[in-house]
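Spelled out, the chains give:
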Amino acid sequence: MKPGPIVAMVLLVLLGMWLVWARPGVHSDLDVRPGAFVQDIRVGASKGLVEVLNEAPGGTSSEAGSEAVPGAGALPGAGTLPGGASFRVLLNGHASPEMTREEFERAFGPAVTTQLLERRDNAVFRLLNITGWASLAWVALGLGGQIVFSCRFLIQWIVSEKQRQSVIPTAFWWISLLGGVCLFTYFVWRRDLVGVLGQSTGIVIYARNLRLISKQKRREARKRATDVGDETP
């Protein structure tokens with residue numbers, strides 16, 4: 001096998017991962033205060049940020065000079081904020097009035113407030129676009145399904161190279177069905193309509209091909225049995 005296709009696959013995967021990680025220009029229209037810690041939020045169809053600024057005594061930010069991007073810094077836990085923290089919600093280019101911790105907690109609850117005050121931006125969560133470790137099980141299902149789904153082309157490629165012609169082995173359809181079911185389940189969890197539509201149609205096609213292959217094998221078996229019977233004196 002020539003190394004060119006494999007190198008191209010690896011480069012394309014790395015490019016996709018970089019694009020997911022970089023997310024260029026997502027919040028370029030939001031006016032984040034210098035030194036603030038921010039977290040992504042989604043309200044309806046709009047995406048924005050929750051901004052937390054830890055004010056040190058004297059009204060200066062204890063993180064002044066840090067870059068105002070998601071994960072630029074982290075705030076200490078509750079009870080250790082020297083000057084208290086102020087909160088803002090940045091959405092659609094507009095910023096809400098500043099809120100104290102008590103005001104923000106009344107609006108969003110203590111669990112969300114504590115999470116914002118104590119949590120650093122998690123590189124794994126950011127790359128996988130999840131909010132908790134429990135979601136890793138679903139990501140593992142989707143990743144496993146994608147790996148299985150991709151292996152079908154590897155198998156088809158190897159078989160075709162061996163026979164020096166394009167061949168689709170039965171294993172191709174079984175692997176497609178297994179990977180498709182895993183991905184369909186993952187996309188349902190993600191509520192990704194595009195993925196659900198793509199996999200739902202594919203699953204039916206894979207199952208239908210396996211059914212046709214099974215019928216063809218039975219027909220061939222009956223034909224062989226009939227031919228043997230005709231040759232018997």
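As a reminder, the structure under discussion sits directly above these lines.
For every chain, the first residue of the written sequence is number 1, and numbering continues from 1 onward in sequence order. A pLDDT threshold of at least 70 governs which residues receive local features in this predicted model, and a stricter bar of 80 or more applies before side-chain atom pairs are shown or counted, although totals over entire chains, interfaces and linings include all residues. Note: side-chain values were computed over all heavy atoms of the structure, leaving out hydrogens and water.

Undergrad: What exactly am I supposed to notice about the overall build of the protein here?
TA: Starting at the N terminus, helices and strands are each numbered in turn, a helix being any DSSP run of H or I of at least four residues and a strand any DSSP run of E of at least two. Counting its secondary structure elements, the protein contains seven helices and four strands. When the elements of the protein are put in sequence order from the N terminus, they spell out α-β-β-β-β-α-α-α-α-α-α. The criterion used for residue contact is that any of the two residues' heavy atoms lie within 4.5 Å. Across the protein, contacts joining residues at least 24 apart in sequence account for 55% of those joining residues at least 6 apart. Reported accessibility uses the Shrake-Rupley method at a 1.4 Å probe radius. Residues are deemed covered only where the shown protein chains occlude them. Total accessible area on the protein is roughly 14,900 Å²; 64% of this is exposed by carbon and sulfur atoms.

Undergrad: Any chance you could explain the environment of T201 here in plain terms?
TA: If you trace the backbone, T201 turns up in helix α7 (residues 193-231). Residue class for T201 comes out partly exposed when judged on its relative accessible area of 47%. As a C-alpha pair, T201 and G180 span 21 residues in sequence and 9.5 Å in three-dimensional space. Within 3.5 Å is the distance limit for a polar contact, defined as a pair of N or O atoms, with the added protein rule that one can donate a hydrogen and the other accept it, and that residues adjacent in sequence qualify only through two side-chain atoms. Within the structure, the side chain of T201 is placed 3.2 Å from the backbone oxygen of L197, a separation counted as a polar contact. Buried residues are those whose accessible area, probed at 1.4 Å on protein chains only, stays under 20% of the maximum for their type, while exposed residues exceed 50% and partly exposed ones sit between those limits.

Undergrad: What's the story with the packing of helix α5 (residues 136-163) against helix α6 (residues 170-190) in this structure? I'm lost.
TA: For any two helices packed against each other, the geometry comes down to the angle between their axes and how far apart the axes lie. Contact geometry of α5 with α6 gives a least axis separation of 8 Å together with a crossing angle of 155°. Taken together, the axes of α5 and α6 lie roughly antiparallel to each other. The way α5 lies across α6 gives a crossing that is left-handed. Taking contact as the criterion, the partners of W138, V139, L141, G142, G145, Q146, V148, F149, R152, F153, I155 and Q156 in α5 are, on α6, F172, I175, S176, L178, G179, G180, C182, L183, T185, Y186, W189 and R190. Angles run from 0 to 180 degrees between N-to-C directions of axes, and those axes are lines fitted to C-alpha atoms, restricted for helices to the stretch in contact. Just so you know how the angles are binned, under 35 degrees is roughly parallel, over 145 roughly antiparallel, 65 to 115 roughly perpendicular, and the rest oblique. When the near helix sits turned anticlockwise from the far one by under a right angle, the crossing is termed left-handed; a clockwise turn instead gives a right-handed crossing.

Undergrad: How do you make sense of the packing of aromatic side chains when you look at a structure like this?
TA: In this description, a pair of aromatic rings is defined by centroid distance and the angle of the planes. Note on aromatic contacts: the rings of Phe and Tyr and the six-membered ring of Trp form a pair at centre separations within 6.5 Å, being stacked when their planes are under 30 degrees apart, edge-to-face when over 60 apart, and tilted otherwise. Inspection of every chain in the model, using the stated rule, returns nine aromatic pairs. With a centroid separation of 5.9 Å and an interplanar angle of 40°, the aromatic rings of Y186 and W189 are classed as tilted. Of this pair, Y186 and W189 both sit in helix α6, three residues apart, which is roughly one turn of the helix. A relative accessible area of 27% means that W189 is categorised as partly exposed. Taken together, the aromatic side chains of F149, F153, F172, W173 and Y206 make up a single cluster linked through ring pairs. Look at NZ for Lys and CZ for Arg. If either is within 6 Å of the ring centre and within 35 degrees of the ring normal, a charge sits over the ring. Seen from the ring of F149, R152 lies directly overhead, with NZ or CZ sitting 3.8 Å from the centre.

Undergrad: How do you make sense of the pairing of strand β2 (residues 46-54) when you look at a structure like this?
TA: Counting buried positions along β2 yields eight of nine residues, so the element is predominantly enclosed. We call two strands paired when DSSP finds no fewer than two bridges between them. Two elements, strand β1 (residues 37-43) and β2, share seven bridges in a ladder whose sense is antiparallel. Within β2, the position partnered with D40 by the bridge is L49. The pairing of β2 with strand β3 (residues 85-91) spans seven bridges and is classified as antiparallel. By the bridge assignment, V50 is partnered in β3 with V89.

Undergrad: Help me out: how do you make sense of the sheet that holds β1 in this one?
TA: Strand pairing in a sheet takes place through backbone hydrogen bonds and is either antiparallel or parallel in direction. Taken in spatial order, the four strands line up as β1-β2-β3-β4 in an open sheet, and their pairing is antiparallel. Of all the strands in the sheet, just β1 and β4 (94-95) have a single pairing partner and so form its edges.

Undergrad: What exactly am I supposed to notice about a nonpolar patch on the surface here?
TA: The residues that make up patches have over 30% relative accessible area and no salt bridge, and they are joined within 9 Å when like-charged or within 5 Å when they are Val, Leu, Ile, Met, Phe, Trp or Tyr. Any Lys or Arg side-chain nitrogen located within 4 Å of an Asp or Glu carboxyl oxygen qualifies as a salt bridge. There is a patch of nonpolar side chains on the surface, built from I6, V7, V10, L11, V13, L14, M17 and L127 and spanning about 690 Å² of accessible area. Examining the composition of the nonpolar patch, we find that seven residues originate from one element, helix α1 (residues 3-22), more than from any other. Within the secondary structure, V7 is located in helix α1.

Undergrad: Please explain the side chain of S86 as it appears in this structure.
TA: Within the element layout of this structure, S86 appears in strand β3. Each residue touching S86, except ones within four places of it in the same chain, is listed here: R33, E51, V52, L53, E98 and M99.

Undergrad: Before we go on, may I ask you to explain the nonpolar core in this structure?
TA: Joining through side-chain atoms within 4.5 Å is the link that ties buried Ala, Val, Leu, Ile, Met, Phe, Trp, Tyr and Cys residues into a set, and such a set is a nonpolar core. Grouped together as the largest cluster of nonpolar side chains are 11 residues: F149, F172, W173, L177, L183, Y186, F187, V196, I203, Y206 and L210. Put simply, the parts of the chain that give this core at least two residues each are α6 and α7. With six residues, the single largest contributor to this core is α6. If we ignore the near neighbours within four places in the chain, the residues touching F149 are S176, G179, G180, L183, Q199 and Y206. Among the nonpolar cores identified, the runner-up in size contains nine residues, and V89, M99, F104 and L116 belong to it.

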